[in-house]
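Analysis of the macromolecular model
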Amino acid sequence: MLRTIVVVGGGFSGTVITANLLRNPPGGPTRLVLVERRPEIGRGVAYAARGSSYMLNVPAGRMSATSAEPRQFLEFAQRRIPQVDAEQFLPRQLYGEYLQELLLAAELQAPRHIRLECIQGEVTEIVRLDRAKPLQVRLGDGRILVADDVVLACGNPPPADLKVTAAVADHPRYVRDACSLRGASPYTGTTVLIGTGLTMADIVLAADDRSRTVFHAISRHGLVPPVQTAFRTDAFKGDGNALLLSTASSLRSLVRAARILAREAEQSGGDWREAVTYVRNLASQLWQRLPERDRRRFLRHVRAYWDVHRHRLPPQTVHRITELKRLGRLHIHAGHLAQLKPAHSRIHLGWRPRGSDQLKELTADWVINCTGPDYDLGRSNDPLFQSLLRSGLAVPDACGLGLRTGSNGAVIDADGWPGTHLFYVGPMLRADHWEATAAAELRTHAERLAGHLVTERV
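A few points on the structure. Just so it is clear, the structure is predicted and the values come from calculations on it, not from any experiment. For every chain, the first residue of the written sequence is number 1, and numbering continues from 1 along that sequence. Where totals are concerned, whole chains, interfaces and linings use all residues; where local detail is concerned, this predicted model gives features only for residues with pLDDT of at least 70, and gives and counts side-chain atom pairs only at 80 or more. Here the side-chain values reflect all heavy atoms present in the structure, with hydrogen atoms and water set aside.

Some points on the overall build of the protein
Helix and strand counts for the protein come out as 13 helices and 16 strands. Its C-alpha atoms give the protein a radius of gyration of 23 Å, near enough to 23 Å, the size a compact globule of 458 residues would have. Across its three principal directions, the C-alpha atoms of the protein cover 70 × 55 × 50 Å. Burial classification: accessible surface area is computed with a 1.4 Å probe over protein chains only, and a residue below 20% of its type maximum counts as buried, one above 50% as exposed, and the rest as partly exposed. Buried residues in the protein amount to 53% of all 458 residues. Counting contacts in the protein only where the partners sit at least 6 residues apart, residues at least 24 apart contribute 69% of the total. Numbering of helices and strands runs from the N terminus; a helix is a DSSP stretch of H or I covering at least four residues, while a strand is a stretch of E covering at least two. We compute the radius of gyration from the C-alpha atoms alone; for a globule the expected value is 2.2 Å times N to the 0.38, where N is the number of residues. We call two residues in contact whenever any of their non-hydrogen atoms come within 4.5 Å of each other.

Comments concerning helix α6 (residues 251–267)
Expected span of a helix, by definition, is 1.5 Å for each gap between consecutive residues, and there is one gap fewer than residues. Here α6 is 17 residues long and its end C-alpha atoms lie 24 Å apart, about the 24 Å a rise of 1.5 Å per residue gives. For α6, the full list of buried residues reads Leu251, Ser253, Leu254, Ala257, Leu261 and Ala265. Projected onto a plane normal to the axis of α6, the buried residues spread over an arc of 160° and lie on a single side. Turned more than 90 degrees from where α6 packs its buried face, Arg252, Arg259 and Gln267 sit exposed. Two or three places before Arg252, at the opening of α6, Ser250 has a side-chain oxygen 3.4 Å from that residue's backbone nitrogen. The directions from the helix axis to the C-beta atoms form the arc being described. Polar contact criterion, stated in full: a pair of N or O atoms within 3.5 Å, where within protein one must be able to donate a hydrogen and the other to accept it, and residues adjacent in sequence count only if both atoms are side-chain atoms.

A look at the packing of aromatic side chains
Centre-to-centre distance and the angle between the planes together describe a pair of aromatic rings. Under the pairing criterion, centres of Phe, Tyr and Trp rings, with the six-membered ring standing for Trp, must be within 6.5 Å; the plane angle then separates stacked pairs below 30 degrees from edge-to-face pairs above 60, leaving the rest tilted. Taken as a whole and assessed by the stated rule, the structure comprises 10 aromatic pairs. Between Tyr47 and Tyr95 the ring centres are 4.8 Å apart and the planes differ by 55°, which places this aromatic pair in the tilted class. Note that Tyr47 is positioned in the loop between β2 (30–36) and α2 (72–80) and Tyr95 in helix α3 (residues 92–109), a separation of 48 residues in sequence. Taking relative accessible area as the criterion, Tyr95 reaches 0% and is therefore assigned buried. Consider the rings of Phe73 and Phe76, whose centres lie 6.3 Å apart with planes at 25°: the pair is stacked. A residue pair is termed a helical-turn pair when its members lie 3 or 4 positions apart in one helix, as Phe73 and Phe76 do in helix α2 at 3 residues. Here Phe73 and Phe76 have matching classes, each one buried. Above the face of the Trp434 ring, Arg430 is positioned so that its terminal group lies 4.5 Å from the ring centre. Two conditions define a charge sitting above a ring: the NZ of Lys or the CZ of Arg must be within 6 Å of the ring centre, and it must be within 35 degrees of the ring normal.

What to know about helix α4 (residues 198–205)
Within α4, 6 of the 8 residues are buried, leaving the element largely enclosed by the surrounding structure. Those residues of α4 that sit buried are Thr199, Met200, Ala201, Asp202, Ile203 and Val204. Tucked inside the fold, the buried residues of α4 contact α3, β9 (190–194), β10 (214–219), α10 (315–326), β11 (330–343) and β14 (366–369).

Describing the sheet that holds β11
A pair of strands counts as paired when DSSP detects no fewer than two bridges linking them. One open sheet holds the 7 strands; their spatial order is β8-β14-β9-β10-β11-β12-β13, and the pairing between them is mixed. Looking at which strands have only one partner, the edges of the open sheet turn out to be β8 (174–175) and β13 (360–364). Sheet topology note: the β8/β14 ladder contains 2 bridges and is parallel. Residue pairing in the sheet places Val175 in a bridge with Ile368 of β14.

Things to note about the pairing of strand β12 (residues 346–353)
Looking along a regular strand, one sees side chains alternate from face to face of the sheet. Of all 8 residues that make up β12, 6 are buried, and the element is covered over most of its length. The antiparallel pairing of β11 with β12 creates a hairpin that spans 2 residues between the two strands, and His344 there sits at a positive phi of about 60°. When β12 meets β13, the two strands line up antiparallel, connected through 5 bridges. Paired with Leu349 across the two strands is Leu362, which belongs to β13.

Quick notes on unusual backbone geometry
Negative phi values dominate among residues other than glycine, just as trans dominates among peptide bonds. One non-glycine residue with positive phi stands out, namely His344, at about 60°. Tracing the backbone through its elements, the reader meets His344 in the loop between β11 and β12. The backbone of Asn408 sits at a positive phi, close to 60°, despite the residue not being glycine. Structurally, Asn408 can be placed in the loop between α11 (383–391) and β15 (410–412). Classification of Asn408 as partly exposed rests on a relative accessible area of 22%.

Re the side chain of Asn20
For Asn20, the location among the structural elements is in helix α1 (residues 12–23). On the basis of relative accessibility, which here comes to 10%, the residue Asn20 falls in the buried class. If sequence neighbours within four positions are ignored, Asn20 has contacts with Glu447 and Ala450.

Take it as geometry only, folks, not as evidence of what the structure does.
As structure tokens, this is what we get:
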């Protein structure tokens, strides 16, 4: 009997789990269907081909998509650029090529009883059936797939529609999603970037020097990610048990313990980044032990500081940012946007510096939303997620971090039960694991889920 597995999304997570299923497939005849809305499999938004060189923020030696071959991406890159070493930061476009090659190799080497079918289209609804095939997958163009198992690998959602931008939402000079941009920035004059994190850095890096654009980046804390360094990921040996036990008392004690680990790393001649990596490796256990009230406190008071130290920038990007600041072409502001309104072909902004009641004003030629993905499914306009919530096949996390999932990424339904045939792998696993965005973390979840799917289940 033919078994059908549908993977929704052909970015990193979808490509990696598909490759895993091809390399180690279920025992019987299997139809594996990969559905991706974009023309190319393996790239998604993060690794799309662009006219400008957007860089990975993790060194090549730590970007393998398979735990069995930790140097795989590095060796792929060295076949194209022989002088590349493990600590170099390479273009995201190159990583997209690597994922495409990974999938092609897995398909060519797959046993004859499994067949891969790639479909371009957008999944808009998943319906639970009462027949032998448990799920029906409906595409926007009317096509229907009937599946034994469905894996949602939809990747990052777009940023939130900010209330403050409502008056300029349809303005031609407002860009609601920085990830929709392609190539070098065409902007001239004054450009305001809402957000000061990794997305802001991408836009600044892509700026054309000839345009002489002046950037103003604004966020609540005004924090810019620090530089990534060549620290040893396994160098720091902290007291993980003490760190875990600290969560039993309060979030405050957990934060205090993490700071102690960072100081110990530096005092022993290491790097505070080693302590961050150590805590990050325990993040899933720590997050699951935190009660909801402390999770909310973390998101409100600590998240910005964790994110800025956790998600760091390549040296060349930091050099670019530093140079633009020196030239007066990049200004970082900590503050709160109070209003945006059209000013003919431009946009007028009012904002308050952090800790001040004084309203400052600025007129911009462009405003770009660089706030990053919005994981709150209650605000999602995506028809697939709207249908999943409406039908009760999925429930959102109470903290607005994504989907609730159980063991092996099984999607938890409205009755509180993990589905036996519907799964999720991707960054919205952060609802139950917190850290679920890096290649090393997502590949682990993908490998675990693929191993679960190869078993014969009723």
